[in-house]
Amino acid sequence: MSSTPTEPHVPADPVGPTDPGPVGSSPVRSRRVAAAVLAFVPLIGVVAAGATLGQKSFTSVEDLSARSTAVAQAQSCPGPFLPPEQTTGTDEALAEQKPADTAQVRTLALEPDTSLLFGQDQVAATRLTEDGTPRTPTIDAENRDGTPLDATPVKGKAEFATASAEAGADGAIMRSTSFDSQRPIADTIQAVRTESGDFRSLALTRCWEPRVKGTFVGVSTTPGSSSVLVLTNTTDRPSSASLTVNTADGEADPQGRGTIVVAPGATERIPMESIAPGFDSLGVSVTVQGSPLAMSMETSERDGLTPHGGDIATAQQAPSTDHVFPGATITAGRPLKIDLLNSTGQPTTATVRFISPTGEVKDREMTDVQIPASGVLQLDTGTLPRGAYTVTVESEAPVFATIRSSVFGSDQPGETTSKAVDFTIQNPSDPIRNSSVLALPRGGADGQVRLFGLADTTVTVIGTKADGSLSKPVTKPVADGQTLSIAATEIDPKPEDLTGLIVVPETPSSITGDWVQTAKAGSSGPLIGSVRLADNNVAASGVNVRLQY
């Protein structure tokens, strides 16, 4: 599902999604503008930094941000679902099937200057160590309390390394450091697979470094559903989080839970049903004062006695006027759902488009979609031909957006009369400026890369394998406005051996993408999970820390 592991827009917080720039009359034209603007971002940052250094007078501030530039990446994984009491005990045949008690975690780390990031699978002789082997990062796994966690590291035959671990209820922290003790390019994803019961699902979640803000969209609190915000303080300093919950009716009363104090090393779980019960879709925004917090949202649904899936969602960092979802999946009888959060005090409008592998589905375009001020709107796409799509959302004012893809399972035992369902909540994808690194915790046998062209380009995909080798590079053209799928079987003849992917566009900021994976859950039918391809420029950035005085 979607969850991890990494949350088209320039980043307000560099560990999150980016802001698209001006809105055009079409998703293609607006993304060309966005790609051009992104090319100037580094120069603007240098000029701004120089201007700041030249100032000799200072004014007092109430909210100060500082940037951490630690050489190691410490990516925090939430671990498996923890079932709330109210979702068990309704039906014995289902309630006795608890969610999986571990999460499968994998980290893929690359040297920050490796040629792999340019789509080249050869290591220059000048890049070898004294014993003739490639330089590779070091990856350590820890429990949340800092004690070592058993992990299986693999040094690559090129300049990469992987490590696999199992995270329990308290999650895990994966620390990556380059050969020269610098900050590597690393990605960590966790997978939680439950084949039966109330939590029947495949949840793929990126494990991010702790953050100072985040917004979740598209989680439900209707009867039979559960959505739990999970906040973890991995530091030795206290922290607090301010919550804002938006519904279809506007901002909700926090019911005395507007501020959550998270002690050092502690985890706080806040059921959204205790704040805003009975809503098909919520928007939940978190603002942190003090030490950054690891944050995720556990969400599961049930229709009567029928499991309707679950996911462990990650937060978005900033709203945007332009969103792209290359991993939309439509199956027979299961409409795609789109959730939009307008956190401003004024109503706005949006346009939604659907692009199939053969082009835009013009007769299904949704125009002048009204999004209320401070409200959440859920759109049902109705019946579309089954298949892979890219969905684009353009709005007049910046909004948060998610989509929900789902698949049918098989009939369940007992008195259940309908088929089980699984879903994945998908956040918008970033333009890939130079390259994207993706860890695959459960192999790639049933997965595929979904790409959308922001400009005409060529993309190279290289797979990392369990034995430390690389798959042969796969190169394909991607046209402006085209949706392209590359199956795992095209990347390697033994896709079950894949441990990660390196995706490199020939032209910077010319593509965006998702990884979508299905899995068979025995006789209960397929499950679905997804995770977006993170831009390495985003993943390698430092972390903002907000200080309160």
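Residues numbered from 1 in each chain as written. Predicted model: local features only at pLDDT ≥ 70, side-chain atom pairs only at ≥ 80, totals over all residues. Heavy atoms only, no water.

### Focus on the overall build of the chain
- Counting its regular elements, the chain contains 5 helices and 35 strands.
- The proportion of buried residues among the 549 residues of the chain is 59%.
- Split by element, the accessible area of the chain, about 21,000 Å² in all, is 52% carbon and sulfur. (Helix = DSSP H or I, 4+ residues; strand = E, 2+ residues; numbered from the N terminus. Buried < 20%, exposed > 50% of the residue type's maximum accessible area, 1.4 Å probe, protein only. Areas by Shrake-Rupley, 256 points an atom, 1.4 Å probe, with all protein chains shown as cover.)

### Focus: the sheet that holds strand β29 (residues 457–465)
- Strand order in this open sheet of 4 strands is β27-β32-β29-β30, and the pairing throughout is antiparallel. Unpaired on one side and paired on the other, β27 (436–439) and β30 (474–478) mark the two borders of the sheet. Averaged over all pairs of adjacent strands, the angle between strand axes in this sheet comes to 20°, irrespective of strand direction.
- The pairing of β29 with strand β32 (residues 498–505) spans 7 bridges and is classified as antiparallel. When the sheet's bridge partners are listed, T460 is paired in β32 with V504. (Pairing = 2+ DSSP bridges. Axes fitted to C-alpha atoms, helices over the stretch in contact; angles between N-to-C directions.)

### Details of the pairing of strand β2 (residues 73–77)
- Most of β2 is tucked away, with 5 of its 5 residues classed as buried.
- Across the two faces of β2 the burial is the same, with Q73, Q75 and C77 and A74 and S76 all buried.
- Two elements, β2 and strand β7 (residues 172–177), share 5 bridges in a ladder whose sense is antiparallel. Bridged to Q73 within β7 is S176.

### Some details on the packing of aromatic side chains
- Under the defined criterion, the tally for this structure stands at 1 aromatic pair.
- Taking NZ or CZ as reference, R206 lies 5.9 Å from the ring centre of W208, over its face. (Phe/Tyr/Trp six-rings, centres within 6.5 Å; stacked < 30°, edge-to-face > 60°. Lys NZ or Arg CZ within 6 Å of the ring centre and 35° of its normal.)

### So, unusual backbone geometry
- The residue S181 is not glycine, and still its phi comes out positive at about 60°.
- Relative to the helices and strands, S181 resides in the loop between β7 and β8 (185–194).

### Remarks on the sheet that holds strand β28 (residues 447–453)
- What the 4 strands build is an open sheet, ordered β31-β28-β33-β34; its pairing is antiparallel. In this open sheet, the two edge strands, each paired with only one partner strand, are β31 (483–487) and β34 (526–532). Within this sheet the neighbouring strands show an average axis-to-axis angle of 25°, counted without direction.
- Bridge count for strand β33 (residues 511–520) against β34 is 7 bridges, and the pairing is antiparallel. Across the sheet, W515 pairs through a bridge with V531, a residue of β34.

### So, the side chain of N233
- Looking at the element boundaries, N233 is found in the loop between β11 (226–232) and β12 (239–247).
- Residue N233 is classed as buried on the basis of its relative accessible area of 1%.
- At 2.6 Å, the side chain of N233 forms a polar contact with the backbone oxygen of R237.
- Once residues within four sequence positions are removed from consideration, N233 is found in contact with P238, S239, V262, A263, P264, G265, A266, S291, P292 and L293. (Polar contact = N/O pair within 3.5 Å; in protein donor to acceptor, adjacent residues only side chain to side chain. Contact = heavy atoms within 4.5 Å.)

### Examining the nonpolar core
- One finds L110, L438, V449, L451, L501 and W515 to be the most contacted residues of the largest nonpolar core, which totals 38 residues.
- Of all the elements, β32 adds the most residues to this core, at 5 residues.
- Setting aside its immediate chain neighbours within four residues, L451 contacts P326, V459, V478, Q482, T483, L484, I486, I511, T512, G513 and L533.
- Judged by nonpolar contacts, the second largest core, of 27 residues, contains V212, L243, M272 and L293. (Core = buried A, V, L, I, M, F, W, Y, C linked by side-chain atoms within 4.5 Å.)

### Focus: the side chain of R135
- Relative to the helices and strands, R135 is located in the loop between β3 (103–110) and β4 (138–142).
- One polar contact links the side chain of R135 to the main-chain carbonyl oxygen of R127, over a distance of 3.3 Å.
- A polar contact of 3.4 Å, which involves the side chain of R135, links it to the side chain of D180.

### Structural notes on the confidence of the model for the chain
- Looking at the chain, pLDDT values average 84 and 81% of them are 70 or higher.
- Contacts for the low-pLDDT stretch residues 86–96, under 50 throughout, to residues beyond four places or in other chains number 18 contacts.
- In this model, residues 538–549 is a region of pLDDT below 50 whose contacts with residues beyond four sequence positions or in other chains number 53 contacts. (pLDDT = per-residue confidence, 0-100.)

### So, the pattern of salt bridges
- The full count for this structure, using the stated rule, is 18 salt bridges.
- K465 serves as the salt-bridge partner of D492, at 3.2 Å between the closest nitrogen and oxygen. In this pair, D492 is assigned in the loop between α4 (488–491) and β32 and K465 in strand β29, connecting sequence segments 27 residues apart.
- Through salt bridges with shared partners, one network takes in R353, E360, K362, E365 and E394. (Salt bridge = Lys/Arg side-chain N within 4 Å of Asp/Glu carboxyl O.)

### Examining the environment of V399
- On the secondary structure map, V399 appears in strand β25 (residues 387–411).
- Assessed through its relative accessible area of 0%, V399 is described here as buried.
- For the pair formed by V399 and A350, sequence separation is 49 residues and the distance between their alpha carbons is 9.2 Å.
- What V399 contacts, discounting residues up to four positions off in sequence, is P319, S320, H323, L341, N342, T348 and I371.

### Side note on the pairing of strand β20 (residues 337–342)
- Burial within β20 is extensive, with 5 of its 6 residues counted as buried.
- Examined bridge by bridge, β20 and strand β24 (residues 375–380) share 6 bridges and lie antiparallel to one another. Bridged to L340 within β24 is L377.

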